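Chain by chain, the residues run as shown.
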Amino acid sequence: MTHTYSGVHEIAVRCIRMMGDGTREEFDELVHPDAVNREAKAEPPAARGRGPAAVWASAQWLRGAFADLHWEIHDIVGTGDLVAVHTTMSGRQIGPFIVYDDNARPVQAFPSTGKTFAVTQSHWCRIVDGQLFEHWANRDDLGQATQLGWVPPTPLYIARMQAALRRARRESAS
């Protein structure tokens, strides 16, 4: 099904999709200098700031773990500057997926399984002056973890997770 969007709906969709394949220039164009990603609390330190650089860091974090990232758009609703987008995100794990604590320290590491996934998500975007100003999401993280083979973990995968976490902590300390 082909969708046609206009105004704030189009900007919200472009911002979601650019996480998979957008250029840094697109982030500079579409992300407000004071934009905040409310989901960054589990992401690397560079993703925790404001503006295009922080949102770009979130995209790089996702792209480092997942290839072929794609968001299929199902529904869009909005009022004023707030847009909700129902999607299915899909991809293939190609690298470790690192989760960070409140102090931006790696607390979990899921080594690559090479498997694919497709999970539903709802993204909420506030658009101000034609740019993304605020983002938060509801995701099916358990569905994604199950499809990627992270849960239930085998004893071998637990050992791989521990080794990946040690590597991530060494890298974040340097």
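For the structure, check the block above.
Okay, so let's go over this structure. A quick note: this is a predicted structure, and the numbers were derived from the prediction, not measured. (Residues numbered from 1 in each chain as written. Predicted model: local features only at pLDDT ≥ 70, side-chain atom pairs only at ≥ 80, totals over all residues. Heavy atoms only, no water.)

Quick notes on the overall build of the chain
Then, in step 1: Assigned secondary structure in the chain consists of five helices and seven strands.
Then, in step 2: Starting at the N terminus and ending at the C terminus, the chain contains elements arranged as α-α-β-α-β-β-β-β-β-β-α-α.
Then, in step 3: Against the 2.2 N^0.38 benchmark of 16 Å for 174 residues, the chain shows a C-alpha radius of gyration of 16 Å, consistent with a compact globule.
Then, in step 4: For the chain, the spread of C-alpha atoms along the three principal axes comes to 50 × 35 × 25 Å.
Then, in step 5: Residue burial in the chain is summarised as follows: out of 174 residues, 44% are buried.
Then, in step 6: The contacts of the chain with a sequence gap of at least 6 include a subset with a gap of at least 24, amounting to 61%.
Then, in step 7: Where the 18 positive side-chain charges of the chain centre and where its 20 negative ones centre are 11 Å apart. (Helix = DSSP H or I, 4+ residues; strand = E, 2+ residues; numbered from the N terminus. Rg over C-alpha atoms; globule rule 2.2 N^0.38 Å. Buried < 20%, exposed > 50% of the residue type's maximum accessible area, 1.4 Å probe, protein only. Contact = heavy atoms within 4.5 Å. Lys, Arg positive; Asp, Glu negative; His and termini not counted. Charge placed at Lys NZ, Arg CZ, Asp CG, Glu CD.)

Section: the environment of Gly-114
Then, in step 1: Looking at the element boundaries, Gly-114 is found in the loop between strand S5 (106-110) and strand S6 (116-128).
Then, in step 2: For Gly-114 and Glu-10, which are 104 residues apart along the polypeptide, the C-alpha to C-alpha distance reads 32 Å.
Then, in step 3: With residues up to four places along the chain from it excluded, the contact list for Gly-114 reads Arg-92 and Gln-93.

A few points about the nonpolar core
Then, in step 1: Ranked by internal contacts, the top residues of the largest apolar core, which has 43 residues, are Phe-66, Phe-97 and Trp-150.
Then, in step 2: It is helix H1 (residues 7-21) that contributes the most residues to this core, seven residues altogether.
Then, in step 3: In this structure, Trp-150 is in contact with Phe-66, Gln-93, Phe-97, Phe-110, Pro-111, Thr-113, Ala-145 and Tyr-157, ignoring residues within four places of it in sequence. (Core = buried A, V, L, I, M, F, W, Y, C linked by side-chain atoms within 4.5 Å.)

Let's talk about the packing of H1 against helix H3 (residues 52-65)
Then, in step 1: For the pair H1 and H3, interaxial distance at closest approach is 8 Å and the crossing angle is 50 degrees. In terms of orientation, H1 lies oblique with respect to H3. You can see that H1 and H3 cross each other, and the crossing is right-handed. Each of Met-18, Met-19, Gly-20 and Asp-21 in H1 lies in contact with H3, whose residues at this interface are Val-55, Ser-58, Ala-59, Leu-62 and Arg-63.
Then, in step 2: Residues belonging to the contact of H1 with H3 are distributed by class as follows: five nonpolar, two polar and two charged. (Axes fitted to C-alpha atoms, helices over the stretch in contact; angles between N-to-C directions. Parallel < 35°, antiparallel > 145°, perpendicular 65-115°, else oblique. Left-handed = near helix turned anticlockwise from the far one by under 90°. Nonpolar A, V, L, I, M, F, W, Y, C, P; charged D, E, K, R; others polar.)

Some thoughts on the sheet that holds S6
The pairing of strands in a sheet comes from backbone hydrogen bonds and takes either a parallel or an antiparallel form.
Then, in step 1: One open sheet accounts for five strands, arranged S1-S7-S6-S3-S2; its pairing is mixed. Among the strands making up the open sheet, the edge pair consists of strand S1 (31-37) and strand S2 (66-79). Neighbouring strand axes in the sheet, compared pairwise and without regard to direction, differ in orientation by 25 degrees on average.
Then, in step 2: Note that strand S3 (residues 82-93) and S6 share eleven bridges and pair antiparallel. In the strand pairing of S6, Gly-91 is matched with Phe-117. (Pairing = 2+ DSSP bridges.)

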